[in-house]
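Take a look at the letters that make up each chain.
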Amino acid sequence: MEKTPTGTAVGVDDPYEHVGLCDHLTDEGNCRYAFDHPQHDPAFARERREDDFACPVADPDGDWSWRDCPHFRCRNHDRQCVRCGLEERRMAHSDERPLLEEHHLSYAGGGETLSHEITVYLCRWCHAKVHNSWARIDDDVNPDPEAMAEAEGRRSTEQAETAFETAAERYDREK
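A brief report on the enclosed structure follows. (Residues numbered from 1 in each chain as written. Predicted model: local features only at pLDDT ≥ 70, side-chain atom pairs only at ≥ 80, totals over all residues. Heavy atoms only, no water.)

Notes on the overall build of the chain
Right, on to step 1. Of the regular secondary structure elements, the chain holds five helices and three strands.
Right, on to step 2. For the chain, the N- to C-terminal ordering of α and β elements is α-α-β-β-β-α-α-α.
Right, on to step 3. Based on the C-alpha atoms only, the size of the chain along its principal axes is roughly 75 × 40 × 25 Å.
Right, on to step 4. Counting every position in the chain, which comprises 175 residues, the buried fraction comes to 36%.
Right, on to step 5. Residue pairs at least 24 apart in sequence account for 58% of intrachain contacts in the chain once pairs closer than 6 positions are excluded.
Right, on to step 6. About 10,900 Å² of surface is accessible on the chain, with carbon and sulfur atoms providing 46% of the total.
Right, on to step 7. Across the chain, the 21 positively charged side chains and the 39 negatively charged ones have centroids separated by 6 Å. (Helix = DSSP H or I, 4+ residues; strand = E, 2+ residues; numbered from the N terminus. Buried < 20%, exposed > 50% of the residue type's maximum accessible area, 1.4 Å probe, protein only. Contact = heavy atoms within 4.5 Å. Areas by Shrake-Rupley, 256 points an atom, 1.4 Å probe, with all protein chains shown as cover. Lys, Arg positive; Asp, Glu negative; His and termini not counted. Charge placed at Lys NZ, Arg CZ, Asp CG, Glu CD.)

Things to note about the environment of Arg75
Right, on to step 1. Its place among the elements puts Arg75 in strand 1 (residues 73-75).
Right, on to step 2. Residues Arg75 and Arg90, 15 residues apart in the sequence, show an inter-C-alpha distance of 20 Å.
Right, on to step 3. Filtering out sequence-adjacent residues up to four positions away, Arg75 remains in contact with Asp23, Glu102, Glu117 and Thr119.
Right, on to step 4. A polar atom in the side chain of Arg75 sits 3.0 Å from the side chain of Glu102. (Polar contact = N/O pair within 3.5 Å; in protein donor to acceptor, adjacent residues only side chain to side chain.)

Some remarks on unusual backbone geometry
Right, on to step 1. Unlike most non-glycine residues, Asp52 shows phi in positive territory, near 55°.
Right, on to step 2. Secondary-structure assignment places Asp52 in the loop between helix 2 (42-50) and strand 1.
Right, on to step 3. With a phi close to 65°, Ser133 is a non-glycine residue in the positive phi region.
Right, on to step 4. Relative to the assigned elements, Ser133 resides in the loop between helix 3 (124-131) and helix 4 (145-162).

Some points on helix 2
For an α-helix, the turn length of 3.6 residues means that residues three or four places apart are oriented alike.
Right, on to step 1. Those residues of helix 2 not exposed but buried are Phe44, Ala45 and Arg48. Along the long axis of helix 2, the arc covered by the buried residues comes to 95°, so they all point the same way.
Right, on to step 2. Turning to helix 2, the residues buried within the fold contact helix 1 (32-36).
Right, on to step 3. Trailing helix 2 by a residue or two, Asp52 shows a phi angle of about 55°, which is positive. (Arc of directions from axis to C-beta.)

Observations regarding the pattern of salt bridges
Right, on to step 1. Counted by the stated rule, this structure contains 14 salt bridges.
Right, on to step 2. Ionic pairing is found between Arg48 and Asp51, a salt bridge with its closest N-O pair at 3.6 Å.
Right, on to step 3. Put simply, Arg83 and Asp139 hold a salt bridge, and the shortest N to O gap is 3.2 Å. Taken together, the positions of Arg83 in the loop between strand 1 and strand 2 (100-106) and Asp139 in the loop between helix 3 and helix 4 put the pair 56 residues apart, joining distant regions of the chain.
Right, on to step 4. For Arg83, a relative accessible area of 10% puts it in the buried group.
Right, on to step 5. The exposure class assigned to Asp139 is partly exposed, which follows from its relative accessible area of 26%.
Right, on to step 6. Each member of the salt-bridge network shares a partner with another, and the members are Asp13, Arg136 and Asp138. (Salt bridge = Lys/Arg side-chain N within 4 Å of Asp/Glu carboxyl O.)

Here it is, written out as structure tokens:
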């Protein structure tokens, strides 16, 4: 199983099995990284510019994979735990700890085997289990009971804040 730079488990054998599209890929199939940051890798930017910034991985006739691209990055933006499915509930102007935490399957610049930033979201309960090597991210599990209680508590608070109360109801309550 892959490990973090500090040696804890990341919960997968191959991070690339859990990626979607590169964060730098545009809807037109171009590489936004080469266009926006040519100073970071001039040779790469020059090659992409010569090919009208086309992403070599997105080319159906190409032979590149995400592993081949030196600037590949895939950060999951779905706001639910990939392991148990718990959805994030964040309250505006609240300093409560988030239910979900970003979990790195691979780190940018981490060496030969960990060369790209690949992240997913895990609820904090699943995150702890994965890093303690008790679980893998592809386990088929239900949310932890404590996680469900926390999410439901936030949902109740959310609903109470959006409830409509007339001035007459507020006035009667204050008497």
